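Spelled out, the chains give:
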Amino acid sequence: MFEEETRRVEKTKMRNDTRMIQFIACGLAGSVASVASAQTAPFLINGSGATLLQALFEAPASTNDFIDVDGDTITGEQLAPTDLSFPWLPDQYWQVTYRIVGSGNGLAELRDWGFTYATLPDGDPGNGTFNCSFSDKSIWNREAFCLQGAGQPISVGANPGGTPVRSLMDGSFQVSTSTDPLVAGLQMNFAALDVPVSWFVSPNGQEQYNRVPGAPGYGLNPRVAVNKDGTAASQSNKLKSLSGLNGDINVNTANPDDHTVFDTAITLAPVGAIVNYGVGMSEIDMSDLRHLAATGRRINGENLMKITRDSGSGTRNAFMNGIGLDPSWGVGENIGDRTVSSANDLLGPDFQPSNKGSSGRMDNTTLNHRLAVGHTGTERGESSGWLIAGNMDFLAVRSDIKGGTVYARPTLTNLLDAGVDGYNIIGPGGIATMGDPRSDSAATGGWGWDPSETGAYPNPVQPPANPNVSAYVNNITRSTSAFVAIPGGSPTLFSPGEYLASQFLLFAATDNVPVINPNPASTYVPIVANPDKNQALQTYILNQSGNVHGLPAFQTFNTNTAGRVPGRTTGVVYSDGVANGDNYINQAGNTVLYGTSLNMRNKIAYDFNGDGVRDINDAEEMMKAWHSRNGGPAWVAPDGTGSIAGTLGSEAIIEVLGDGNGDGNFDAEDLRYWADGLVIDGSTGCVNRVAGFTAVDNASASVTGNANFFGTTWASGQTYAAGDSRFDISNTAGLTTRGFAPTGADGVIDANDSNYVMAQFTGNPFVTDGEATWDDIAEAVGFDFSADMNGDCVVDQDDVDAFGGVCYADCDGSGSLNIFDYICFGNAYAAGLPYADCDGSGSLNIFDYICFGNEYAAGCP
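This section reports on the structure supplied with the text. Being a predicted model, the structure only gives us computed values, none of them experimental.

**Concerning the pairing of strand β14 (residues 261–275)**
Across the 15 residues that make up β14, a large majority, 13, are buried. For β14 and strand β20 (residues 426–434), the ladder comprises nine bridges, and the chain directions are antiparallel. When the sheet's bridge partners are listed, Val261 is paired in β20 with Met434. Of the strand pairs in this sheet, β14 and strand β18 (residues 393–394) are connected by two bridges, and their pairing is antiparallel. Within the sheet, the bridge partner assigned to Val275 lies in β18 and is Asp393.

**Describing the state of the cysteines**
For the coordinates displayed, the defined rule picks out three disulfides. Here Cys132 pairs with Cys146 through a disulfide, and the sulfurs are 2.1 Å apart. Handedness here is read from the sign of the S-S torsion; for Cys132 and Cys146, about 100 degrees, the answer is right-handed. Linking Cys132 in the loop between α4 (103–113) and β3 (137–140) with Cys146 in strand β4 (residues 143–147), this pair joins segments that are 14 residues apart in sequence.

**As for the sheet that holds strand β8 (residues 184–185)**
Read across the sheet, three strands follow the order β7-β6-β8 without closing on themselves; strand pairing throughout is antiparallel. The two strands at the open ends of the sheet, each matched to only one other strand, are β7 (175–176) and β8.

**Looking at a negative patch on the surface**
On the surface, Asp769, Glu771, Asp775, Asp776, Asp792, Asp798 and Asp801 cluster together to form a negatively charged patch. Inspection of the secondary structure puts Asp776 in the loop between β27 (772–773) and α19 (777–780).

**Thoughts on the packing of aromatic side chains**
This structure, assessed with the given rule, holds 32 aromatic pairs. For Arg338, the ring lying beneath its charged end belongs to Phe134, and the centroid distance is 3.7 Å. Looking at Arg672, its charged tip hangs above the ring of Phe710, at a distance of 4.2 Å from the centre.

**A short note on the packing of helix α16 (residues 668–677) against helix α17 (residues 689–703)**
Interaxial distance between α16 and α17 falls to 6 Å at its minimum, and their mutual angle equals 145 degrees. Between α16 and α17, the residues in contact are Leu671, Arg672, Trp674, Ala675 and Asp676 and Arg689, Gly692, Phe693, Ala695 and Val696, respectively. Looking at the contact of α16 with α17 residue by residue, the classes come out as six nonpolar, one polar and three charged.

About the criteria used
Residues numbered from 1 in each chain as written. Predicted model: local features only at pLDDT ≥ 70, side-chain atom pairs only at ≥ 80, totals over all residues. Heavy atoms only, no water. Buried < 20%, exposed > 50% of the residue type's maximum accessible area, 1.4 Å probe, protein only. Helix = DSSP H or I, 4+ residues; strand = E, 2+ residues; numbered from the N terminus. Pairing = 2+ DSSP bridges. Disulfide = S-S within 2.5 Å. Patch = residues over 30% accessible without salt bridge, like charges linked within 9 Å, V, L, I, M, F, W, Y side chains within 5 Å. Areas by Shrake-Rupley, 256 points an atom, 1.4 Å probe, with all protein chains shown as cover. Salt bridge = Lys/Arg side-chain N within 4 Å of Asp/Glu carboxyl O. Lys, Arg positive; Asp, Glu negative; His and termini not counted. Charge placed at Lys NZ, Arg CZ, Asp CG, Glu CD. Phe/Tyr/Trp six-rings, centres within 6.5 Å; stacked < 30°, edge-to-face > 60°. Lys NZ or Arg CZ within 6 Å of the ring centre and 35° of its normal. Axes fitted to C-alpha atoms, helices over the stretch in contact; angles between N-to-C directions. Contact = heavy atoms within 4.5 Å. Nonpolar A, V, L, I, M, F, W, Y, C, P; charged D, E, K, R; others polar.

Take a look at the structure:
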């Protein structure tokens, strides 16, 4: 042992003594490649995929030698030093790149480039997603060469993805600095996934919100994202296809070929439901969390801000499957195309709650929006620091849909239980490769590396084309097996297996595990007793391993913090008038900087009256705050009472308390957000839009003298009554953003609105009984809660009848019928707008013209 340690120290010293000129990416050229050929170059390994497993690939332990990869009889040494000097240093055996793009997106890149070489420059459409702009972060021996879609100094634009180097295409897979497409290229060698490959495969069939992996229709939600103005975006919610740029791949491991993808199990990766302290919740039922993820609203209609990853995310896949939801249906707010830009995390004009391209983007967006609920790897609470610092927290989840009876946080004890009353939102993570690494030679850690493995490999198949990929994967799995066999044994110190045991959960550690291949008839992924449980390993992890989930911050919800001051895009003047939008200002007139600790007076979003809760009693103080931003007297915020007693009203920050739609302002649209989705009826427990909009008008009458706050009119000419603005939810274009924020109002209550309400339950394929019931998730995924006009959380004919004198035939809202109404209807029909569906059939045809003609002939009341 001493002799090996001495040799390791000597080898490290030699590396330091022979340090050459620093590697400068912009200086790479064909002439430099000839210099590299004078010495043995390292071997290149390229990976792409999971953000949930990001910590593993950024950890030096991931490339510490356990199986003696380089054959020098020394174990424990670093095979991929971060020092990237050129010419390559003697101890640099590997260069490893990893693109953090999300599991499914990594699988797509393996599909496209796993058996052929990419050679086109960065940004070329021919690369598919293999471009820097698609990556939240790309690392080369742990050094970032791409960050939030932008190349860093060591990036090389001549290479796909901006990767600093390529490998030779002669079968050696040695690093090359040549950019000649006839000499060198890039092959994607592995995809890291938070879930098995089969959980990203979509079998043909009828889609439904609760399909499980392998079931017909799984992963095929046809709903696409919309932009914040309601227009269609390009982002699909479907899972990945096995058909790629250069042919198809398959998962037929029983009869494999050179395009067969193999899963190598690595670790169990728990995913937490994260929450901003402004939400005012510490626990939630799984059925409620599922409702929120599928619709953007809770089961009671409360309009929280559900932050989501894009459908190519394994974290999204693991989380949604963990809560009984087909991942393609986990759309949340469903706003915008996939983004890796931090600009979209900030409140302001670029704020976007959906389709985040990484866990970092997810975390920061949830930190900034005061009504946000998200999902992310539980270990990030420690590794990213936000849980430890008291900036946001985890929700305890009661797995009611699985038979659970208690609310469980992702504590170490609950994770090791992983049953219905433990914490069971867990992804079975692994590494996908073209070929089976364990089929490779014993020298790469394949069959026969362990002396007990004698005879032929029981299931011989083709190994990966790059033997270094086999060695890389086997180095991880062999060290993990050794740690399981002897937890904490000295041979596994600083090994990948030890690291996984401390940051994640080894498969053998838990009492229960999710079923990898559930019965297609299941309505959620079942949990079963772990057949491979190792009690000695579990005991060790509980008592000695220092797993991050055992830290005090994981144990209980932090009630002593309000979280972090939200960040806004600078260079914009918001409703508070602060120059350049550089900070907030509280009611004492003091500057409040972004990212600092938030005063407890601002703990609960929309708690304007300071009693520690968000409810209808906030209406009048909310209106006073709005009035002060619009020419009225300064708002004198009440001091805190209840759970925030002792806090000063002067510490209140209007834009922090009341920015519901995330645009950085506090304006009339934030009052609409409150009225539409945050006023809960104490008798029914459901959001009551009648009460919400009525409260806004009454508060406006009291504070400003205006009893029609939103200035809404009836096209029929009838007199406006308090709360009538609830009827104004759609416009002639029919552009809305259901689940996100009410954006369809055009100031006039007319047939556009009543017809939109009718469309929610007639011609809706999810509604078969004539009424759209919100607490039935099978129906809620298909309609807009804002169409509930009478406050009963059901959308049906009663809501249409509530409009009273709306005249459908008055298409242009002029108050009289004439040729312009026919022209208006014809234009709506030609544009395919919802208004033109006169008979509510769900499709446009001649019967809609007949229907309109009959309505016109009947005249208006």
